Amino acid sequence: MGELSDAEDDLYRAVSRLAAHGPFVEVLAEAAVGLSVRFDGHATSLQAPPRLRGAVFRAWTRTGWTESSVSGLDAASLRYAEGAIERVLAQRPAAQGPPGVSSTARLEKVTPTPRPMRDFAEEEMQSLARDVFSWTTEVPDIRETQVQLGWREDERLYLNSAGARCFQGICRVRGAILPVAMESGRVGPDRFVRGGVGGREILDALTPESARRVAENARALLKAKAPPSGKMTVLLAPDVTGYFAHESFGHGAEADQFVRDRSYLKPMLGTVVGPEILTIVDNGAYPGAWSVIYCDDEGQPAQRTVLVDRGRFVGALHDRETAAALGAAPTGNARRSDFLSRSFVRMTNTYVEPGESSLDELVKEAGYGVLLESGTGGIEDPQGGQIQVKARRGHRIEGGRITDLISSMALSGRVLEFIASIRGLSGRSDFALDASTCGKGRTDILPNSAGGPYLLSSAVVGPA
Amino acid sequence: MSAVKPGTAAAFRVGDRLTGKDPWEVFGERIRRYEIHLSGGKIEITRGPIALEGYGIRIFRPREGVVGVGFQASNDFTDAGIRATLEDAERAARYASFPAPRVGLPTGRGATGGIVEVLDRGLWEYPMDSLDRFVHALHGAFEGRKQESVSFGSVRATLSETSICNSVGLRTGYGHTTVELELGVKAFGGPEGPAPGEFWVDESDRRLRVAELGVRASEWCRYAEDVRRGRPPPTGELAVVMPSSVLSGILPAVLGGRLTGAAETRHVAPPHGARLGSDLATVYDDGRIPWAPMSSPVDDEGVPQRRRTLLDHGVVSEVLYDSLHAGTHDTRSTGSAFRGMLAGFRTWYRFLQAPAVGPSTLSLAPGDAGTDTELVEAAKDGLWVQQIGWSSPDPFTGAFGGEIRLAYRIRNGRLAESIRGGTVGGVALAAEGSPSLLTRLERVGSRPALSESLEAPPVLVRPLSVAGE
């Protein structure tokens, strides 16, 4: 424990003092180190995470939770936050403890890696960025390319008045290539992103081959045709399948939406919602994945939670409160973006489990439709049960064959209709997880990962 | 300015202790934040004070026709903390390079920027009480409604003292407030008919507006009910009317991304004088619009904000620069340096990031197409799009589009049934000679409204691609 060790005693004492005023108090302290390099052929920039340490205190009062955050872990800063909590506890003392199970976990875990990023010097990162840039720009018509390399080691220490102590140090590493092809006023952007929890080995995916491939994809987009419009058969590439999983049964199964009576899925728990081939999972303990956590921000260990099991909707994602409200156990999904943000029920690594078909078989089965590739984002509607997923490019499928390249498009549809229309999933060799971010509402951005295999279904598609 | 006291301003406390021969800049913030989160009709959690005070140091190291720019942020105000932060910034400056022969940082002269209305006094003095009153009024606005309710929400108030100083004598600062309101307004309907629908309110403002809550709640409830009843649109090329709430998700990202010195440096900016829109497309960048979330007396480098004409009757007129890109292109900063973007979202703190060049508030000049009713009459047959899920425009291709959260069919020049689902999209900004939303602007309304970082009247575009059942 490097960045937080000097503050632990003060944090412990603050929790102990506050515990005398109320039934339950917890604190989460956070610090980070790291470095990111960006090179675009014109400029090189280097940036380290802020030298920012801080903590958030949360306590249960007569009227619910109260929180106070402070930047700084010195005694005076902690006293400021402690004082704010103390005043609220004095005004609104709680007779009983908060709903749900208080963690009593004792855990200390740091990302294991044979090649730590701390040993990767600024010069080496710059040199790799320049190499990747030159591999990418060797492809004709690539006029602009940005290479981003970065790592961030996030330390979090959680203590509560029930005796939990959880320390985790997670190192997230990410590399991205963003080429832009241009010719006669036409523009073709694409991207290649690799990210995960670990060390230097994650950046080994940035090879001359991967750089040239993404550059060729960008160049090909210069000649892409417009996508068709309307309801049709859709084949989702693994990253687009990930967006579907994330936006549909990911956000839809966050149990705070159940408690608010805001999820169309709530009354469907336990029922069959899709074909037997469909299994959707959230797994905070997926080895090496971008959104791995060792415990959540309520001190609950991360775990694999099955949301849809062979077509049946069987589980939801919980924090302590939603688990208590719905008679379930916490699933380790209470997450804060940082010590300045509140905790919400959030996903970790959410994916569709692979099936058994080959890509060729799915294309033949599709007959006519579109293949959506290179997902760019999505958005959910937990109340109305609709999703939107966008893709940067794709292909037409005609006569059971992949044909013309087509430009960016949006997919829209009702989740339950989309799921009922699923006709096939490709196998494990196609399975992939991305390295992205997710917001809850307008803010509260945190690292998130989603993925799956190729997925065949039907939906409305239009240019976007 | 009165909200920032020189003795406690974060930037000045750091700048007064900086030494070294390279040019430098310190951006500081002292922030208090308060939040109330709602779940249904009850308060889920109250948060605050969330106290955050910190600074970002930028070092500019000129060498052989380029500048090494190093940045580091910190909340450690001790001598040792400032020294360590400075050393980090200097180390980054040694490795970094930016293609500018010089950097013209703003001086102290004229850098106050004058008065811009960005501070809600009542909220500043009594933040938690103000939020309590707002939530009470919000609950009151939904009382007695049998068919609609708030399913979730939050109101978050940020009270910031921003201060900026640099090595050429700039010392400026101002206080400002920001309010973020997020609500899910749910319409239940009856036991028969469609399932519940939800209208998502997502707004950013400088003020806590309590007085208008009753009227606004009625409008949100009507929208939620229309979402509930909405059906997918037809597929085809349709005339589309879009208000500022939709345009604000499209135009700032595309125009603000392409009409900048950064886009010029990367060779993706349209040339000066290029025709990118119809005669109706006159667009300003204006960082002094009262109460706009992006308004401020000075930008995040301390350069006074003013109004710039980006498109003059469809033709590229001016481009936005920060100090760095102004150096590259041998011109002056337009006061367009802004901090605080994270994964496409604007954060409530800004000192953690170095500035990037971009727009403040874009303003589309009103046209002569009159009222909303007159625009609908002019459309004759098409869609009025009230909300898109996420239009996420691509800054390079200009392509935008997304799921229709709420729209209304226009039939025979009148608003008809509501639309939910399907997609609408197209290209917002294309190369000269190619069709786009801006070239296909057929009418521009006469009544502008401010929505996030865009002030615009509704516009009629003919056609855009719509996909549905």
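Residues numbered from 1 in each chain as written. Chains lettered and ligands numbered in written order. Predicted model: local features only at pLDDT ≥ 70, side-chain atom pairs only at ≥ 80, totals over all residues.

Visitor: So what exactly am I meant to see when it comes to the overall build of chain A here?
Guide: Scanning chain A for helices and strands turns up nine helices and 25 strands. The C-alpha radius of gyration of chain A comes to 24 Å, within 12% of the 23 Å expected for a compact globule of 464 residues. For the C-alpha atoms alone, the extent of chain A along its principal axes is close to 70 × 55 × 35 Å. Taking all 464 residues of chain A together, the buried fraction comes to 61%. A separation threshold of at least 6 residues defines the contact pool for chain A, and within that pool the share at least 24 residues apart is 75%. (Helix = DSSP H or I, 4+ residues; strand = E, 2+ residues; numbered from the N terminus. Rg over C-alpha atoms; globule rule 2.2 N^0.38 Å. Buried ≥ 20, exposed ≤ 12 C-beta atoms within 10 Å, placed from the backbone. Contact = placed C-beta atoms within 7 Å.)

Visitor: Sorry, what's going on with unusual backbone geometry here?
Guide: Residue and element names in this part refer to chain B. Of note, the bond from Gly48 into Pro49 is cis; its omega dihedral lies within 30 degrees of zero at 0°. A cis geometry characterises the amide bond from Arg462 onward to Pro463, with omega recorded as -5°. Looking at the element boundaries, Pro463 is found in strand E23 (residues 459–467). We note that His267 has phi near 60°; this positive angle belongs to a residue other than glycine. You can see His267 is positioned in the loop between helix H8 (261–265) and strand E8 (283–286).

Visitor: Please explain the sheet that holds E8(B) as it appears in this structure.
Guide: The strands that make up a sheet are held in pairs by hydrogen bonds between backbone atoms, and each pair lies either parallel or antiparallel. Residue and element names in this part refer to chain B. On the basis of which strands lie adjacent, the open sheet formed by six strands has the order E10-E9-E8-E15-E22-E21 and mixed pairing. Lying at the two open borders of the sheet, with one neighbouring strand each, are strand E10 (315–316) and strand E21 (449–451). Where E21 and strand E22 (residues 454–456) come together, three bridges link them in antiparallel fashion. Each residue of the ladder has a partner; that of Ser451, found in E22, is Leu454. This element, helix H7 (residues 251–258), spans E8, strand E9 (307–312), strand E15 (362–364) and E22 of the sheet and lies at about 110° to E15. (Pairing = 2+ DSSP bridges. Axes fitted to C-alpha atoms, helices over the stretch in contact; angles between N-to-C directions.)

Visitor: Just to check I follow, could you spell out the domain arrangement of chain A for this structure?
Guide: Residue and element names in this part refer to chain A. Along its sequence, chain A is carved into domain 1 (5–223) and domain 2 (230–463). Computed from C-alpha coordinates alone, the two centres of domain 1 and domain 2 are separated by 23 Å. Each partner contributes to the interface: domain 1 provides 33 residues, whereas domain 2 provides 31 residues. Of all the secondary structure elements, the ones that give two or more residues to the side of domain 1 that touches domain 2 are strand E1 (25–39), strand E3 (54–61), strand E4 (64–71), strand E5 (106–110), strand E6 (142–160), strand E7 (165–183) and strand E9 (192–197). The residue makeup of the side of domain 1 that touches domain 2, split by class, is 16 nonpolar, nine polar and eight charged. (Domains from an automatic or database assignment. Nonpolar A, V, L, I, M, F, W, Y, C, P; charged D, E, K, R; others polar.)

Visitor: Before we go on, may I ask you to explain the pairing of strand E5 (residues 171–187) of chain B in this structure?
Guide: Each regular strand displays side chains that alternate between the two surfaces of the sheet. All names here are of chain B. For E5, a buried count of 15 out of 17 residues is recorded, marking the element as mostly surrounded by other parts of the structure. The sheet contact formed by strand E4 (residues 148–166) and E5 spans 17 bridges and is antiparallel. Its bridge partner lying in E5, Ser154 is registered against Glu182. Where E4 folds back onto E5 in an antiparallel hairpin, the turn is made up of four residues, including Gly169, whose phi is positive at roughly 100°. With nine bridges connecting them, E5 and strand E6 (residues 197–205) associate as antiparallel partners. Note that in E6 the partner of Leu181 across the bridge is Glu203.

Visitor: Would you mind showing me how to read the nonpolar core here?
Guide: Here is a general trend for soluble globular proteins: nonpolar side chains tend to be buried in one another's company. By size, the foremost hydrophobic cluster in this structure holds 266 residues, and its most contacted members are Ala55(A), Leu235(A), Leu372(A), Ala11(B), Val240(B), Leu383(B) and Val385(B). Broken down by element, the residue count for this core peaks at nine residues, all from E7(A). Once you skip the residues sitting within four places of it in the chain, Val240(B) turns out to touch Gly382(B), Leu383(B), Val385(B), Val424(B), Val461(B) and Leu464(B). (Core = buried A, V, L, I, M, F, W, Y, C linked by C-beta atoms within 7 Å.)

Visitor: Which parts of the structure should I look at to understand the pairing of E8(B)?
Guide: All names here are of chain B. Of the two faces of E8, the one holding Val283 and Asp285 and the one holding Tyr284 and Asp286 are both buried throughout. Alignment of E8 against E9, held across four bridges, turns out to be antiparallel. From the neighbouring strand, Asp285 faces E9, where its bridge partner is Arg308. Pairing of E8 with E15, which is carried by three bridges, proceeds in the antiparallel orientation. When the sheet's bridge partners are listed, Tyr284 is paired in E15 with Ser363.

Visitor: So what exactly am I meant to see when it comes to the packing of helix H1 (residues 8–19) of chain A against helix H2 (residues 75–91) of chain A here?
Guide: Geometry of a packed helix pair, given as the angle between the helix axes and the separation of the axes. Residues and elements named next belong to chain A. Contact geometry of H1 with H2 gives a least axis separation of 11 Å together with a crossing angle of 20°. Overall, the two elements H1 and H2 adopt an arrangement that is roughly parallel. Here H1 and H2 pass one another in a crossing that is right-handed. On the side of H1, the interface is formed by Asp10, Leu11, Ala14, Arg17 and Leu18, while H2 contributes Ala75, Leu78, Glu82, Ile85 and Glu86. Split into classes, the residues belonging to the contact of H1 with H2 amount to six nonpolar, no polar and four charged. (Parallel < 35°, antiparallel > 145°, perpendicular 65-115°, else oblique. Left-handed = near helix turned anticlockwise from the far one by under 90°.)

Visitor: Please clarify how the confidence of the model for chain B should be interpreted in this entry.
Guide: In the predicted model, chain B carries a mean pLDDT of 94, and the fraction of residues at 70 or more is 97%. Two numbers describe this predicted complex: its pTM, 0.94, and its ipTM, 0.92. (pLDDT = per-residue confidence, 0-100.)

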